[in-house]
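# Remarks on the overall topology
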Amino acid sequence: MARRKLIAGNWKMNMTSAEGAQLIKDIKAQFGAECPCTAVNKPDVLVCPPFTSIAAVIEAAKGTCFNVGAQNIHWEEKGAYTGEISGNMLNELGVTYVIIGHSERRQYFGETDDTVNKRTKAALKHNIKPVICVGETLKQRQAGETLAVIENQVRAALKDLTAEDMKNVTIAYEPVWAIGSGLAATNEDAQEVHAMIRGLLKKLYEGTSVADETRILYGGSMNDANAAGLLAQPDIDGGLIGGAALKPDKFAVIIKAALGK
Ligand code: PGA
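Now for a description of the structure that goes with this document. Worth saying up front: this structure is predicted, and the values here are computed from it rather than measured.

### A closer look at the overall build of the protein chain
- Broken down by element type, the protein chain carries 12 helices and 8 strands.
- Over its C-alpha atoms the protein chain spans a radius of gyration of 17 Å, differing by no more than 12% from the 18 Å that the globule rule assigns to 261 residues.
- Counting only residues that meet the buried cut, the protein chain has 51% of its 261 residues in that class.
- In the protein chain, once contacts between residues fewer than 6 apart in sequence are set aside, the share between residues at least 24 apart is 73%.

### A look at unusual backbone geometry
- Positive phi is not limited to glycine here, since Lys12 has a value of about 50 degrees.
- Mapped onto the fold, Lys12 is located in the loop between strand E1 (6–10) and helix H1 (17–29).
- What makes Lys12 partly exposed here is its relative accessible area of 22%.
- The phi torsion at Ser221 lies on the positive side, around 55 degrees, for a residue other than glycine.
- Structurally, Ser221 is set in the loop between strand E7 (215–219) and helix H11 (227–231).
- On the basis of relative accessible area, Ser221 is assigned to the buried category, the value being 16%.

### A few points about the pattern of salt bridges
- Summed over the entire model, instances satisfying the criterion amount to 19 salt bridges.
- Among the ionic pairs, Glu84 bridges to Arg119, the shortest N-O distance being 3.0 Å. Separated by 35 residues along the polypeptide, Glu84 in the loop between strand E3 (66–70) and helix H3 (87–93) and Arg119 in helix H5 (residues 113–125) bring together distant segments of the chain.
- Note on Glu84: relative accessible area 27%, which makes it partly exposed.
- Arg119 gets classed as buried once you look at its relative accessible area, which sits at 5%.

### Focus on the site of the ligand
- The environment of the ligand is formed by 13 residues, the closest being Lys12, His102, Glu174, Gly180 and Ser221.
- Here an oxygen atom of the ligand sits 2.6 Å away from a polar atom, N or O, in the main chain of Gly180.
- Here an oxygen atom of the ligand and a backbone polar atom of Gly243 are 2.9 Å apart.
- Coverage of the ligand by the protein chains reaches 95% of its 280 Å² of free accessible surface.
- Here the residues of the shell around the ligand are counted per class, giving 4 nonpolar, 7 polar and 2 charged.

The rules behind these values
- Residues numbered from 1 in each chain as written.
- Predicted model: local features only at pLDDT ≥ 70, side-chain atom pairs only at ≥ 80, totals over all residues.
- Heavy atoms only, no water.
- Helix = DSSP H or I, 4+ residues; strand = E, 2+ residues; numbered from the N terminus.
- Rg over C-alpha atoms; globule rule 2.2 N^0.38 Å.
- Buried < 20%, exposed > 50% of the residue type's maximum accessible area, 1.4 Å probe, protein only.
- Contact = heavy atoms within 4.5 Å.
- Salt bridge = Lys/Arg side-chain N within 4 Å of Asp/Glu carboxyl O.
- Near = heavy atom within 4 Å.
- Polar contact = N/O pair within 3.5 Å; in protein donor to acceptor, adjacent residues only side chain to side chain.
- Areas by Shrake-Rupley, 256 points an atom, 1.4 Å probe, with all protein chains shown as cover.
- Nonpolar A, V, L, I, M, F, W, Y, C, P; charged D, E, K, R; others polar.

Below you can see the structure in the form of structure tokens.
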């Protein structure tokens, strides 16, 4: 079956409410009458602003096909977890997706495979679609450990998840060395890892359609110049985009590349 592509912008710690609402307007303006919502093979489009801008961005995105997501979720419902956000709070805002386990969180904020799994379960419980990030460091790639590292991260993130749960899960392969570096993975290197992840899903969910239906995004310096090539790979089902998602013209080109235009 054909997987609908997902083009997701990770705004990271950028964009106040006013700036975020303006960015949505500016992205929309790139399409004119040709809004991607109306295309037959339209990709899903997602933007993930910082928590404080979510409400304003949801308001600005009304009447468009843009989904709005968060960048984190805690596994407890409430309590003494300073600086964290619960599923209920995200439900109240109306977010539909959440990025989990981004390498910046793993690197700077103590995110582990175990907490990624807990956050994923919390998102599913709250009907928010998790976008789970995995990726190897440059050192791990140079040591030939890429596939093993990714396999471990995927297995841990999906621990105890059923085939039913997987209907709402997206995986994002984001090589750490490619993020924000301007140095994206080649089409072939990215495809190799994506195919491995899909093969692993086949093993983990044998006898189900999970491997065929799960979207696997590529992230790490995806931009207007390389998106078409990456998105043309058989196992790349979209992109998780940082820097270029803040530039309306570039983000629009990436969305159009997913439309096959
Ligand atoms: P980048 O970030 O596109 O700026 O490399 C991608 C990401 O971190 O999700």
